[in-house]
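Overview (structure and organization)
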Amino acid sequence: MEKKFLSKLIPTLVQELGRQLAHMHLHNTRHQGGDDVISKYGFHTTTSCGSGELDNTWNDDWVDFYVRQRIQPQIDRTRDQQAQQLWSDVTNGDCMTSLFPPSLQIEPCLVHGDLWSGNCGEDEQFCYLFDPAVFYAHHEFDLAIARIFGGFGSSFFDAYHDVIAKEERMEARGMLYDLFHYLNHWNHFGGAGYRSASIRLLRRLACL
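These lines cover the structure that appears in this document, whether it is placed above or below. (Residues numbered from 1 in each chain as written. Predicted model: local features only at pLDDT ≥ 70, side-chain atom pairs only at ≥ 80, totals over all residues. Heavy atoms only, no water.)

**A closer look at unusual backbone geometry**
Among all residues except glycine, the phi angle is most often negative; among peptide bonds, the trans geometry is most common. To keep things clear, this is the line we draw: The buried label goes to any residue with under 20% of its type's maximum accessible area, the exposed label to any with over 50%, and the partly exposed label to all in between, with areas taken from a 1.4 Å probe on protein chains only. Working definition: helices are DSSP H or I runs of at least four residues, strands are E runs of at least two. Numbering for both runs from the N terminus.
Not every positive phi belongs to a glycine, and Arg 79 is a case in point at roughly 55°. Given the relative accessible area of 76%, Arg 79 is considered exposed. The phi dihedral of Asp 131 is positive, around 50°, even though this residue is not glycine. By secondary structure assignment, the location of Asp 131 is in the loop between strand S5 (127-129) and strand S6 (135-137).

Here it is, written out as structure tokens:
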């Protein structure tokens, strides 16, 4: 494998990264054909985001996958009674129906899974992504940690949405996708800040 010496992304490549990420998200269903298209959510092997293994068992339903195979394991790891009760309120209420209306068409796409500025770099010509937590998911999931911890700036998101337009309830769904990363950081690093952010998101989601 060739050794690369990478530096922080320059603004023009941040914009290009947004475009290229969107095209990667479209690749599965728009640029392949026939039997090559992945029609389920998950991955063929276990991956990890930090030290925690991710359950990538194939699932036909994105919402079910995300609830049972992404958020529920994180909630269980916290062993926090308040978080568990709030998550129960979210899943037993109208939140998922509100966030995923029938008009929303979700297609499985390959996501990086842990996309922030610490997991990418450039060599003055190309941008490179590394340390992924890869699986097939809703494309909006990849924007969550890029938004929370990313450091990419508005040009990244503008370029992304020039290729993939924003869809109904995207901002509200962003809270649900942000929740995974706040919970994951809480479980990895502890601290009142990650807990309070997670509880705040759970409360907002429970009110939808």
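**What to know about the packing of aromatic side chains**
As a reminder of what qualifies: In this analysis, rings of Phe, Tyr and Trp, with Trp reduced to its six-membered ring, are considered paired at centre separations within 6.5 Å, and the interplanar angle assigns stacked below 30 degrees, edge-to-face beyond 60, and tilted for intermediate values. When the NZ atom of lysine or the CZ atom of arginine is within 6 Å of a ring's centre and also within 35 degrees of its normal, the charge is said to sit over that ring.
Applying the stated criterion across every chain yields a total of 17 aromatic pairs. Between Tyr 66 and Phe 141 the ring centres are 5.9 Å apart and the planes differ by 70°, which places this aromatic pair in the edge-to-face class. Within this pair, whereas Tyr 66 is found in helix H2 (residues 62-78), its partner Phe 141 is found in the loop between S6 and helix H5 (142-148), the two being separated by 75 residues in sequence. As far as the burial class goes, Tyr 66 and Phe 141 line up, both buried. Seen from their ring centres, Phe 189 and Tyr 194 are 6.4 Å apart, and the 40° between their planes marks the pair as tilted. Judged by its relative accessible area of 59%, Phe 189 is exposed. The exposure class of Tyr 194 is partly exposed, given its relative accessible area of 25%. A connected cluster of aromatic rings, assembled from ring pairs, spans Tyr 41, Trp 62, Phe 65, Tyr 66, Phe 135, Phe 141, Tyr 177 and Phe 180. Its end group placed over the ring of Phe 135, Arg 70 keeps NZ or CZ at 4.1 Å from the ring centre.

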